[in-house]
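Okay, here's what each chain looks like letter by letter:
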Amino acid sequence: MSYEEFREQLVDRIEEKLEWRDLATFVPNKKTPIYNWFYYKEGFAKELVEKLLEMFEIKEGATALDPFCGSGTTLLVCKEKSIKSVGYDVLPVSVFATRVKTADYDTDLLRENMQIISRARFAQLNTKGKFPGIFYRAFSKYALEDIAFLRSMIIHLDREVREFFVLALMNAAIKCSYTYKDGSVIKIKKKHVAPLRKMFRHVVSKMIRDIEKSPRTEASIRVELEDARSLDLDDNSVDVVITSPPYLNNIDYTKVYSIEEYFIYGEPVPGVRAYIGLQAKDSDFLSEIPLPIQARLYFEDMNKVLQELYRVLKKDGHAAIVVGNGYVRRSVASSTSQNASHSEDVNEVIESDIILAYLAAELGFEVEKILVLNKRFALEDRTVKKGVLRESLLILKK
Ligand SMILES: C[S@@+](CC[C@H](N)C(=O)[O-])C[C@H]1O[C@@H](n2cnc3c(N)ncnc32)[C@H](O)[C@@H]1O
């Protein structure tokens, strides 16, 4: 079936569900214990995963997959509901945060370690040239000294306890930094910030209390630093997929989370070139649809992911995929020009939800519906309205 025919037939399966608008965002997680241990602007809400598990009637003992696990929301909900889960991501800080959030802890041991750290005599370490350049703009001199000192205390702890404290330090440091995230860039704004060591103690105490009041089960969890285009999973082994890939107006996550990444490795992480749609190459994928090259690359990559999802899902299993439409620049032949070879750049809305549904259908999925969770205007120069961008939930069935 051609794309245009598919698009026409799909119309009655597109439904608005704008009352779920907030669930496509990380905002509700900001107040939820453990879910908020790592602020992930691109994440979705715990309640969305809960609603989907219920909608697909996923029971204890089933296996769920999130191939773009981000801050680990899908896996954490599954852990609470005795559902086994597997998560992948190519961003080290995502895999790290997901692992720490879903691990089991002995809270007495965490408290003992916190006491040792709190009682230790503060040593003023040399911070000159010890951090990546951005740290000297992102933090005050005192915050840098605290980071150096606390790191020196944490680094020798056993792995699981250490990772817990590293995440706490990362959290506390971000709260005491001059940075904020604006789309795909980190911005700096000097302001009054709390003393970092005090913030660290506060964050650790809160995290320990969070563990004590959160429901946990024995459900197994596997989180790997892997590429979603090739999954290390058996055919027909997964009951449900709940995920959200990077969107087409792609964000280089390695840049946005470069400060957080330092806390894991103690050095800047080399850029990963394995991100969906970010490679510089040519493609004639989906040549029947007029698309700019970055969109072709994006859909070519996403097609590989959909192929993998189809392979690993059990028969009748569902995949729920949250995706936003893109607004990208494309070169088109100019009609006003006398010169036939003349072209101009125009911005266009790319209906990623419908194109991904088309690719999924071509691979054998049944497209049950597309739920539109959010709509906003695509803006030219931040003011002129140029069409509507949807954020949608694709419901696919194998
Ligand atoms: C929209 S976010 C997912 C957010 C997640 N649903 C949550 O609630 O936190 C997309 C994620 O895909 C990851 N990613 C990008 N390219 C990838 C690839 N090739 N394989 C696996 N993960 C990838 C990014 O690092 C990012 O964490």
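Preceding this paragraph is the structure being described.
Residues numbered from 1 in each chain as written. Predicted model: local features only at pLDDT ≥ 70, side-chain atom pairs only at ≥ 80, totals over all residues. Heavy atoms only, no water.

Peer 1: Would you explain the pairing of strand E3 (residues 84-89) in this entry?
Peer 2: Strand residues, when the strand is regular, have side chains that alternate between the two faces of the sheet. Burial analysis of E3 places five of its six residues in the buried class, the great majority of the element. The pairing of strand E2 (residues 63-66) with E3 spans four bridges and is parallel. Along E3, the bridge assignment pairs Thr-63 with Lys-84. Following the backbone out of E2, through helix H3 (residues 73-80) and into the adjacent parallel E3, one traces a crossover that is right-handed. In the sheet, E3 pairs with strand E6 (residues 221-225) via five bridges, with the strands oriented parallel. For Tyr-88, the partnering residue across the bridge sits in E6 and is Glu-224. (Buried < 20%, exposed > 50% of the residue type's maximum accessible area, 1.4 Å probe, protein only. Helix = DSSP H or I, 4+ residues; strand = E, 2+ residues; numbered from the N terminus. Pairing = 2+ DSSP bridges. Right-handed = clockwise from strand over helix to strand, strands pointing away.)

Peer 1: Looking at this model, I keep getting lost on the sheet that holds strand E11 (residues 366-380). Mind explaining?
Peer 2: Paired through backbone hydrogen bonds, the strands of a sheet run either parallel or antiparallel to each other. The eight strands are arranged E1-E11-E12-E8-E7-E2-E3-E6 in an open sheet whose pairing can be described as mixed. Either end of the sheet is taken by a strand with one partner, and the two such strands are strand E1 (14-16) and E6. Looking at each pair of strands side by side, their axes are set apart by 20° on average, direction ignored. Against the sheet, helix H12 (residues 293-312) touches E2, strand E7 (238-243), strand E8 (313-324) and strand E12 (384-397), its axis set at about 150° to E8. (Axes fitted to C-alpha atoms, helices over the stretch in contact; angles between N-to-C directions. Contact = heavy atoms within 4.5 Å.)

Peer 1: How should a nonpolar patch on the surface be read in this particular structure?
Peer 2: Residues Phe-377, Leu-379 and Val-388 make up a contiguous nonpolar surface patch of about 250 Å² in total accessible area. Structurally, Val-388 is set in strand E12. Overall, Val-388 belongs to the partly exposed group, its relative accessible area being 38%. (Patch = residues over 30% accessible without salt bridge, like charges linked within 9 Å, V, L, I, M, F, W, Y side chains within 5 Å. Areas by Shrake-Rupley, 256 points an atom, 1.4 Å probe, with all protein chains shown as cover. Salt bridge = Lys/Arg side-chain N within 4 Å of Asp/Glu carboxyl O.)

Peer 1: Can you walk me through the nonpolar core in this structure?
Peer 2: Across soluble globular proteins, nonpolar side chains show a tendency to be buried alongside one another. Within the largest apolar cluster, 81 residues are counted, with the highest numbers of intra-cluster contacts made by Phe-164, Phe-165, Phe-200, Phe-263 and Leu-393. The element best represented in this core is helix H8 (residues 159-175), accounting for 10 residues. Here Leu-393 is in contact with Trp-20, Leu-48, Leu-52, Ala-320, Ile-321, Val-322, Lys-369, Ile-370, Leu-371 and Leu-373, once residues within four sequence places are set aside. Grouped together as the second largest cluster of nonpolar side chains are 42 residues, Tyr-88, Val-238, Ile-355 and Ile-370 included. (Core = buried A, V, L, I, M, F, W, Y, C linked by side-chain atoms within 4.5 Å.)

Peer 1: Whenever I open this one, helix H4 (residues 92-102) confuses me. Can you help?
Peer 2: Every α-helix winds through 3.6 residues per turn, so residues three or four apart in the chain are directed the same way. Counting buried residues in H4 gives 10 out of 11 residues, a clear majority hidden from the surface. Along H4, the residues that are buried comprise Pro-92, Val-93, Ser-94, Val-95, Phe-96, Ala-97, Thr-98, Val-100, Lys-101 and Thr-102.

Peer 1: Got a minute to help me understand the environment of Ala-24 in this structure?
Peer 2: The topology assignment puts Ala-24 in the loop between E1 and helix H2 (46-55). It is 8.0 Å that separates the C-alpha atoms of Ala-24 and Asn-374, two residues lying 350 residues apart in sequence. Not counting residues up to four positions away in its chain, the partners in contact with Ala-24 are Gly-43, Phe-44, Val-322, Leu-373 and Glu-391.

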